Amino acid sequence: MPGWVAEGYQEYARRMPAECALHLIEIGPGHRGKNADISRTVRDEGERMLKAIPKGCQVLALDLSGTAMSTEQLSAKLETWMADGRDLAMLVGGPEGLAADCLQKAQGRWSLSPLTLPHPLVRVVVAEQLYRAWSLLRNHPYHRAG
């Protein structure tokens, strides 16, 4: 990933308190060459993603068909996730999206936008929005909704 992606993600991850820490686990992309079997690539990525989910986690898929949320709605959802007591694993697919098995495993789906966002930007946007949602929960001045 470009340096700005790592810096952007780390900036928000660093701001999160221990009660809501962010941990990034990257799954390497599969082969997407000229003669690649894309359905197999997505399936293989999904299998590796599911194996990387820590035991006992809630699972949320970032998916275009998921629920779009305002900052206030995300903040309320974050409060619910935190109250559940389990860690939350957010699954972000590759260019073709998530494997069917990942979508089935997910207890929920979140759509960041109807726009197609580049993978590096998604990482930064998710970290920033989670920090913003947490700051709203704690009346932190970062979120100044109007």
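Structure shown above.
My aim in this report is to walk through the structure given alongside it, one point at a time.

Conventions and cut-offs
- Residues numbered from 1 in each chain as written.
- Predicted model: local features only at pLDDT ≥ 70, side-chain atom pairs only at ≥ 80, totals over all residues.
- Heavy atoms only, no water.
- Core = buried A, V, L, I, M, F, W, Y, C linked by side-chain atoms within 4.5 Å.
- Buried < 20%, exposed > 50% of the residue type's maximum accessible area, 1.4 Å probe, protein only.
- Helix = DSSP H or I, 4+ residues; strand = E, 2+ residues; numbered from the N terminus.
- Contact = heavy atoms within 4.5 Å.
- Pairing = 2+ DSSP bridges.
- Right-handed = clockwise from strand over helix to strand, strands pointing away.
- Axes fitted to C-alpha atoms, helices over the stretch in contact; angles between N-to-C directions.
- Parallel < 35°, antiparallel > 145°, perpendicular 65-115°, else oblique.
- Nonpolar A, V, L, I, M, F, W, Y, C, P; charged D, E, K, R; others polar.

1. Some remarks on the nonpolar core
Counting residues in each nonpolar core, the largest one holds 20 residues, and the members touching the most others are M16, L22, L78, W110, V126 and W134. Of all the secondary-structure elements, those providing two or more residues to this core are α1 (3–15), β1 (58–67), α3 (71–84) and α5 (119–137). The dominant element in this core, judged by the number of residues it contributes, is α5, at eight residues. Non-local contacts of W134, meaning those with residues more than four positions away in its chain, are made with M16, P17, E19, C20, L78 and H140. Formed by 13 residues, the second largest nonpolar core is a distinct cluster that contains M49, L98, A99 and A106.

2. Description of the pairing of β1
In terms of residue burial, β1 counts as a mostly covered element, since seven of its 10 residues are buried. Where β1 lies against strand β2 (residues 88–92), five bridges are found, and the strand directions are parallel. Counted as the bridge partner of Q58 is L88 from β2. Once the chain exits β1 it traverses α3 before rejoining the sheet at β2, and the crossover so formed is right-handed. Sheet topology note: the β1/strand β3 (residues 108–110) ladder contains four bridges and is parallel. Residue L60 lies in a different strand from β3, and its bridge partner there is G108.

3. Quick word on the packing of α3 against α5
Interaxial distance between α3 and α5 falls to 8 Å at its minimum, and their mutual angle equals 80 degrees. Between α3 and α5, the angle falls in the class roughly perpendicular. Contacts from T71, E72, L74, S75, L78, E79 and M82 in α3 reach Q129, L130, R132, A133, W134, L136 and L137 in α5. Taken together, the residues of the contact of α3 with α5 sort by class into eight nonpolar, three polar and three charged.

4. Notes on the sheet that holds β1
Adjacent strands of a sheet pair through backbone hydrogen bonds, lying either parallel or antiparallel. Across the sheet, three strands lie side by side as β2-β1-β3; this open sheet has parallel pairing. At either margin of the open sheet sits one strand with a lone partner, and together these are β2 and β3. Across the sheet, the mean angle from the axis of one strand to that of its neighbour is 45 degrees, orientation sign disregarded. Sitting on the sheet, α5 is in contact with β1, β2 and β3, with an inclination near 150 degrees to β2.

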